[in-house]
Amino acid sequence: MAELTEIGIAEARDLLSKGEVSSVELTTAHSVAMAEAQSLNAMITETPAQAKAMAAASDARRAQADGGEVGALEGIPLAIKDLFCTNDVLTTAGSHILDGFKPPYESTVTDKLWKAGAVMLGKTNMDEFAMGSSNETSYYGPVHNPWRRQGDGGDNRNLVPGGSSGGSATAVAGRFAMAATATDTGGSIRQPASFTGTVGCKPTYGRCSRWGVVAFASSLDQAGPITRSVRDNAIMLGAMAGYDPKDSTSANKAVPDFEAALTGDVRGLKIGVPKEFVLDGMPVEIEALWQQGIGWLKDAGAEIVDISLPHTKYALPAYYIIAPAEASSNLARYDGVRFGLRVDGSDLTEMYENTRAAGFGAEVRRRVLIGTYVLSAGYYDAYYLKAQKVRRLITQDFRDVYEQVDAILTPSAPSAAFAIGEKSDDPISMYLNDVFTVTANLAGLPGISIPAGLSDEGLPLGLQVLAPAFDEETMYRIAGVLEEAAAFTAQPEKWWRSAS
Amino acid sequence: MSVDKATVARIAHLARIGVGEDELEPLAAELSGILNWIEQLNEVDTETVPPMASVHDEALRWRADVINDGGKQADVVANAPDGDNDGDGAFFTVPKVIE
Amino acid sequence: MSNLVEGATGRWEVVIGLEVHAQVISQSKLFSGAATAFGAAANSQVSLVDAGMPGMLPVINEVAVEQAVRSGLGLNAKINTYSVFDRKNYFYADLPQGYQISQYLQPIVGEGVITVDLEDGSSRDIGVERLHLEQDAGKSIHDRHPTKTHVDLNRSGVALMEIVSKPDMRSAEEAGAYVRKVRAILRYLGTCDGNMEEGSMRADVNVSVRHPGDELGTRAEIKNVNSIRFMQQAIHYETSRQIDILEDGGSIDQETRLFDSQTGTTRPMRSKEEAHDYRYFPDPDLLPLEFSDEFVDGIRATLPELPDAKKKRYMAELGLSEHDAQVLVSERDIAVFFEEVATGREAKVAANWVQGDFFALLGKAELEVADSPISAAQLGGLIDLITDGTISGKIAKDVLETMFESGQDASVIVEEKGLKQVSDTGAIEGEIDKVIAANADKVAEFRGGKDKVLGWFVGQIMQATKGKANPQMVNQLLREKLKP
Ligand SMILES: [Mg+2]
Ligand SMILES: [Zn+2]
């Protein structure tokens with residue numbers, strides 16, 4: 001049997017059902033690996049005791065079921081992004097302002113996971129309030145990507161894992177969580193998946209409930225899974241998704257059997273390749289990877305169609321109006337009155353200003369200020385309303401294109417992982433990380449990143465499959481075929497273990 | 001559009017984020033940079049395009065008017081950084097407000 | 001016009017617009033399942049949504065939507081089958097989310113009009129600008145601690161209808177009549193209990209002054225006035241304050257002011273919010289609110305008869321005077337009471353009793369109709385005793401007083417106290433004979449042509465029978481016996 005931390009959900013499911021391994025064994029193996037990986041700083045809170053108790057309970061359920069029905073994730077140890085509120089377990093959103101906050105409630109998504117039998121290993125580090133693409137904005141410090149450049153002058157610089165779900169991606173890539181929950185507002189699942197050689201899916205807006213997930217930008221936020229394989233991803237999403245009457249934006253649609261969509265057959269599917277995603281100065285290896293992906297799908301019998309998404313260029317600037325605008329309002333509740341950090345002041349206003357100055361980091365402050373500005377009197381029409389109009393055009397681009405094609409293939413990110421500190425001085429160059437992912441958020445569409453190759457420096461690179469709204473099945477079907485063709489088996493050396 | 005120090009001070013106050021005098025200038029430069037970049041949007045003709053607030057094309061769902069929440073005073077105030085729990089109730093507290 | 005105020009520089013006109021906040025009658029809150037009842041222990045009727053906890057989301061209450069539509073129909077207003085919830089962003093201790101979910105550019109109800117009834121019997125149409133749904137804030141309590149304000153979120157998230165008038169009112173009286181009429185309509189509809197003491201109805205009052213015919217002046221907004229009397233005091237104070245400033249060559253600041261009921265004055269809010277910038281934008285946690293014309297028609301079909309229609313009917317079908325009809329329809333409770341009394345009885349008689357002696361007794365006891373110690377059926381029972389001759393109208397007044405004190409039925413009181421009218425010819429004749437025998441001189445006067453003396457005889461008989469003799473019978477028998 002392979003090391004317990006090396007197997008995925010699908011394999012673990014088989015072993016558990018055959019009784020060859022227990023959830024306690026699986027969970028303990030991951031908790032130990034997690035403890036050994038502390039130098040990666042992927043976790044904000046580890047919950048080994050709770051994990052063990054949940055695993056034991058799972059084993060007991062399985063024993064009781066005695067070959068009967070168990071949950072879809074029965075006994076599977078997971079890491080949870082610290083944006084999901086977890087009952088009585090510290091939930092920080094990567095921010096100082098949520099100091100000590102223990103929600104007296106459980107997010108719908110995590111609740112569904114526990115009901116499906118899953119086990120919580122702990123809460124993952126992330127960019128503060130999910131605002132970032134490198135995990136460097138966390139109050140709890142940056143996460144280190146398990147991957148390092150090969151032949152980087154031997155300096156072994158630590159790289160970012162991408163963000164904002166950098167801790168989740170790292171936990172999965174570093175083999176100390178079998179899978180993890182994540183969220184994606186502009187690319188926060190797919191870009192870190194691409195940077196860490198994992199599979200990350202942002203489903204259709206409305207697929208997963210947002211109830212109990214700390215809000216960044218409500219019209220864009222979507223939860224999704226980061227896993228080690230496409231099949232694992234389909235299994236996880238199946239357990240996370242579903243209608244929630246507590247979320248007015250949750251879609252009242254049945255959840256298909258995503259795993260059953262992995263037929264391995266893409267013959268006759270039309271795959272669009274958007275010309276606007278060819279960027280000036282895009283690294284040759286990204287372009288090559290993309291061509292490779294096109295080749296794989298062609299070989300598998302899909303038809304490649306050149307398409308145009310003319311407003312792609314405007315997606316990021318529109319996003320950087322809409323997301324901060326919503327965030328500036330969503331983050332108003334962090335005021336030092338009812339939970340989290342309070343820094344006293346001589347009067348109420350001063351208390352607010354002191355609390356929020358101390359509680360928010362630079363990037364959050366920047367975005368709250370931008371968001372406040374674009375909504376303020378005299379600027380609303382020029383910025384916010386304009387961005388909403390452009391959002392409609394972007395959405396319409398996709399609707400038009402999906403008249404002709406079944407899905408779209410693009411790179412996931414414009415580069416491989418970069419070094420910590422490399423881009424943190426220049427917000428706009430950081431924002432450009434999401435250039436390939438953000439359109440799907442604006443249009444509410446599902447997208448998945450799968451590891452498809454290595455850069456010249458030996459770092460993972462991802463390809464992205466986008467699909468029409470609520471057609472995750474086609475997305476998974478294509479992703480499965482690409483995964484098979486790419487046969488991506490590379491893994492980072494576990495250098496961090498020796499460091500612990 | 002470039003923002004000046006006074007504008008930064010005004011929006012920081014609207015957002016209730018304390019910003020030191022020495023931070024205004026660098027923030028103004030940062031925000032101006034971002035806003036200038038955002039203004040590429042002006043290239044797009046949106047004359048006849050209605051704004052889109054949500055990707056949903058459904059109407060709002062309504063819930064029945066039943067009492068199925070509340071009665072959890074302890075949970076509500078459990079995380080309060082400063083509170084008052086005396087005989088007749090549990091309150092949040094803030095520095096005294098004079099209207 | 002009598003509403004103009006005489007000043008040193010000429011005559012001034014006061015212009016008033018009102019924003020009435022009316023709490024929707026519903027079991028649970030606008031966006032959460034917590035209860036709305038008044039007077040509960042602090043923070044006991046608070047959901048995590050109402051407390052603005054991270055990740056909490058709003059889901060709209062269908063009854064709040066229905067009530068808003070119902071109210072809109074009652075205000076003769078346009079119902080918007082597509083409306084949008086926006087966030088109004090500002091920081092305040094009792095605003096947990098840091099924004100209020102409200103409706104800004106696209107409210108659920110548009111323009112309407114209501115007719116207000118003034119004391120001189122005239123009426124006037126006042127425009128309604130809009131009605132929108134929004135969340136109430138929590139409550140700040142300033143007197144529990146020397147250096148701290150306490151916050152109770154029980155009200156946080158309760159559904160309010162904000163009803164905005166056009167600046168159509170020109171006097172404190174009109175403003176009072178407007179609030180009374182809005183309150184009456186909402187109570188008829190069952191959409192707001194109109195209880196101003198408990199804060200389920202409050203008004204923001206916009207006041208400005210100008211010389212008639214000029215442009216609108218700069219207005220001051222007086223926040224959260226919680227009685228009609230205070231509102232009228234505030235308007236009077238504000239009118240003279242503004243006129244004084246303008247006549248001294250000053251100018252009015254557009255500002256928010258508070259009314260101090262101790263002094264009857266207004267003052268600027270001390271926590272003066274520098275220029276408001278609410279940064280309204282559509283709430284991304286909610287989708288647009290949409291419903292069909294059929295939904296509206298369904299509500300329209302269940303609307304009760306409203307005061308204006310009722311008044312017309314009382315005049316046309318029941319033959320009541322305009323004044324009587326006006327008084328009886330002014331509050332739903334009164335109309336309901338009256339209609340029960342009037343059912344199967346002479347409407348005019350019922351009207352006289354309800355707004356005559358009954359109201360007088362209520363007034364003396366400082367009670368509302370709803371708290372009346374006697375029911376409409378009981379008052380009806382009293383009227384029936386008059387109609388069938390059991391008691392006289394005069395006796396009935398005393399019986400009503402006793403009913404008020406004891407809550408007993410009229411028939412019981414009449415029986416117990418032996419107040420039954422004497423209609424027995426023999427008994428009355430006996431008394432008459434006695435009086436005639438004892439007063440030969442008066443008899444002679446009458447027979448000599450002094451008709452007035454008959455009244456004296458009636459008085460004597462009534463006195464002798466303690467008022468119980470049937471007066472018509474006494475009259476008739478006396479005339480017969482006194483005949484020469
Ligand atoms: Mg208002
Ligand atoms: Zn209001």
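On a predicted model such as this, the values are computed, not experimentally measured, just so you know.

Peer 1: Run through the overall build of chain C, naming residues and quoting values.
Peer 2: For chain C, the count of helices and strands is 15 helices and 17 strands. Summarising its shape, the C-alpha atoms of chain C cover approximately 95 × 55 × 50 Å along the three principal directions. Looking at chain C alone, contacts between residues at least 24 apart form 68% of all its contacts between residues at least 6 apart. Carbon and sulfur atoms make up 48% of the accessible area of chain C, which totals about 20,800 Å².

Peer 1: Give a description of the sheet that holds strand β16 (residues 281-282) of chain C that names residues and reports values.
Peer 2: In spatial order, the strands read β6-β5-β16 (chain C); together these three strands make up an open sheet with antiparallel pairing. Strand pairing shows two members of the sheet lacking a second neighbour, β6 (99-102) and β16 of chain C, which therefore form its edges. Pairing analysis gives four bridges linking strand β5 (residues 86-89) of chain C to β6 of chain C, with the strands arranged antiparallel. The residue bridging D86 of chain C from the neighbouring strand is S102 of chain C, located in β6 of chain C. The strands that helix α9 (residues 315-330) of chain A touches are β5, β6 and β16 of chain C; relative to β5 of chain C, the one it contacts most, it runs at about 60 degrees.

Peer 1: Any chance you could break down the coordination of the magnesium ion (ligand 1) for me, citing the residues and the numbers?
Peer 2: All names here are of chain C. Here the magnesium ion (ligand 1) is held by the protein donor atoms E19 (OE) and E162 (OE), which lie 2.5 to 2.8 Å from it. Between the two metal centres, the magnesium ion (ligand 1) and the zinc ion (ligand 2), the spacing is 3.9 Å, with E162 acting as a shared donor. Of this pair, E19 sits in strand β2 (residues 10-23) while E162 sits in strand β11 (residues 159-165), and the two are 143 residues apart along the sequence. Taking the relative accessible area as the measure of exposure, E19 reaches 15% and is therefore buried.

Peer 1: Residue-level account of the interface of chain A and chain C, with values.
Peer 2: Contact with chain A, which involves 39 residues of that partner, is made by 29 residues of chain C. Summed over both sides, the interface of chain A with chain C buries roughly 2,700 Å², with 60% coming from carbon and sulfur. Three residues, S248, R333 and R338 of chain A, lead the burial of chain A against chain C; their summed loss comes to 22% of the area buried on that side. Where chain A packs against chain C, one counts one salt bridge. A salt bridge links D285 of chain C to R210 of chain A, with the shortest nitrogen-to-oxygen separation between them at 3.1 Å. Applying the counting rule to chain A against chain C returns 16 residue pairs in polar contact (both at pLDDT 80 or more). Here the element with the most residues in the side of chain A that touches chain C is α9 of chain A; it accounts for four residues. For the side of chain A that touches chain C, the class distribution of residues is 21 nonpolar, ten polar and eight charged.

Peer 1: So what's going on with the side chain of S32 of chain C? Which residues, and what values?
Peer 2: Within the element layout of this structure, S32 of chain C appears in the loop between β2 and β3 (60-61). A polar contact is formed between the side chain of S32 of chain C and the side chain of S47 of chain C, at a distance of 3.3 Å. Within the local environment of S32 of chain C, its side chain forms a polar contact with the side chain of D50 of chain C, the two groups lying 2.9 Å apart. The contacts of S32 of chain C, once residues within four sequence positions are left out, are R63 of chain B together with S47, V49, D50 and V59 of chain C.

Peer 1: An account of helix α2 (residues 23-36) of chain A is needed here, citing residue identities and associated values.
Peer 2: All names here are of chain A. For α2, built from 14 residues, the straight-helix expectation of 20 Å at 1.5 Å per residue is met to within 8% by its first-to-last C-alpha distance of 20 Å. Turning to α2, its buried residues are S23, L26, T27, H30, S31, A33 and M34. In a view along the axis of α2, the buried residues occupy a sector of 165 degrees, so they form one face of it.

Peer 1: How would you sum up the interface of chain A and chain B? Please name residues and give values.
Peer 2: Facing 69 residues of chain A, the contacting portion of chain B comprises 51 residues. Buried surface at the junction of chain A and chain B, both sides included, amounts to about 5,300 Å², of which 66% is carbon and sulfur. Linking chain A to chain B there are four salt bridges. In this structure, the salt-bridge partner of E23 of chain B is R365 of chain A, at a minimum N-O distance of 2.8 Å.

Peer 1: Explain unusual backbone geometry to me, and be specific about the residues and the numbers.
Peer 2: Geometrically, the link from G163 of chain A to S164 of chain A is a cis peptide bond, its omega value of 10 degrees lying close to zero. Looking at the element boundaries, S164 of chain A is found in the loop between β3 (119-124) and α5 (166-173). The residue R16 of chain B is not glycine, and still its phi comes out positive at about 55 degrees. Residue placement: R16 of chain B occurs in the loop between α1 (5-14) and α2 (21-38). Assessed through its relative accessible area of 3%, R16 of chain B is described here as buried.

Peer 1: Describe the environment of S164 of chain A, with residues and values.
Peer 2: Residue and element names in this part refer to chain A. For S164, a relative accessible area of 0% corresponds to the buried category. Separated by 28 residues in sequence, S164 and E136 have C-alpha atoms that sit 8.8 Å apart. With sequence-adjacent residues up to four places away left out, S164 is seen in contact with K81, N125, M126, D127, A130, M131, G132, N135, T183 and S188.

Peer 1: Give me the pattern of salt bridges: which residues, what numbers.
Peer 2: Residue and element names in this part refer to chain A. As enumerated under the stated definition, the model contains 59 salt bridges over all chains in all. Across the pair R149 and E457 runs a salt bridge whose closest N-O atoms are separated by 3.4 Å. With R149 in the loop between β3 and α5 and E457 in the loop between β10 (447-454) and β11 (460-466), the pair connects residues that are 308 residues apart, well separated along the chain. Where R267 meets D265, a salt bridge forms, and the shortest distance between an N and an O atom there is 3.1 Å.

Peer 1: How would you sum up the state of the cysteines? Please name residues and give values.
Peer 2: Cysteine pairs can be covalently joined through their sulfur atoms, and such a bond is termed a disulfide. Residues and elements named next belong to chain A. In the structure shown here, the tally under the stated rule is zero disulfides over all chains. In this structure C208 is not part of a disulfide, and its nearest cysteine sulfur, from C201, lies 8.0 Å away. Look at C208 and you get buried, because its relative accessible area is 1%.

Peer 1: Tell me about the environment of G72 of chain C, and please be specific about residues and values.
Peer 2: All names here are of chain C. Checked against the element boundaries, G72 lands in helix α1 (residues 62-74). Taking the C-alpha atoms as reference points, G72 and D214, separated by 142 residues in sequence, lie 32 Å from one another. Setting aside its immediate chain neighbours within four residues, G72 contacts A77, I79, V109 and L131.

Peer 1: Can you tell me about the domain arrangement of chain C, naming the residues and giving the values?
Peer 2: Residues and elements named next belong to chain C. Per the domain assignment, the segments making up chain C are domain 1 (5-298), domain 2 (307-417) and domain 3 (425-482). Between the C-alpha centres of domain 1 and domain 2 the distance comes to 36 Å. Listed as interface residues are nine residues of domain 1 and, on the opposing side, eleven residues of domain 2. Taking both sides of the interface into account, the surface hidden between domain 1 and domain 2 amounts to around 790 Å²; carbon and sulfur atoms contribute 49%. The tally of links from domain 1 across to domain 2 stands at three salt bridges. In this structure, the connection of domain 1 to domain 2 is made through four residue pairs in polar contact (both at pLDDT 80 or more). Put simply, the parts of the chain that give the side of domain 1 that touches domain 2 at least two residues each are β7 (112-117) and α2 (172-189). Residue composition of the side of domain 1 that touches domain 2, by class: three nonpolar, two polar and four charged.

Calculation rules
- Residues numbered from 1 in each chain as written.
- Chains lettered and ligands numbered in written order.
- Predicted model: local features only at pLDDT ≥ 70, side-chain atom pairs only at ≥ 80, totals over all residues.
- Heavy atoms only, no water.
- Helix = DSSP H or I, 4+ residues; strand = E, 2+ residues; numbered from the N terminus.
- Contact = heavy atoms within 4.5 Å.
- Areas by Shrake-Rupley, 256 points an atom, 1.4 Å probe, with all protein chains shown as cover.
- Pairing = 2+ DSSP bridges.
- Axes fitted to C-alpha atoms, helices over the stretch in contact; angles between N-to-C directions.
- Donors = N, O, S within 2.8 Å, 3.2 Å for Na, K, Ca; no water.
- Buried < 20%, exposed > 50% of the residue type's maximum accessible area, 1.4 Å probe, protein only.
- Buried area = accessible area lost by both parts, 1.4 Å probe.
- Salt bridge = Lys/Arg side-chain N within 4 Å of Asp/Glu carboxyl O.
- Polar contact = N/O pair within 3.5 Å; in protein donor to acceptor, adjacent residues only side chain to side chain.
- Nonpolar A, V, L, I, M, F, W, Y, C, P; charged D, E, K, R; others polar.
- Expected span 1.5 Å × (residues − 1).
- Arc of directions from axis to C-beta.
- Disulfide = S-S within 2.5 Å.
- Domains from an automatic or database assignment.

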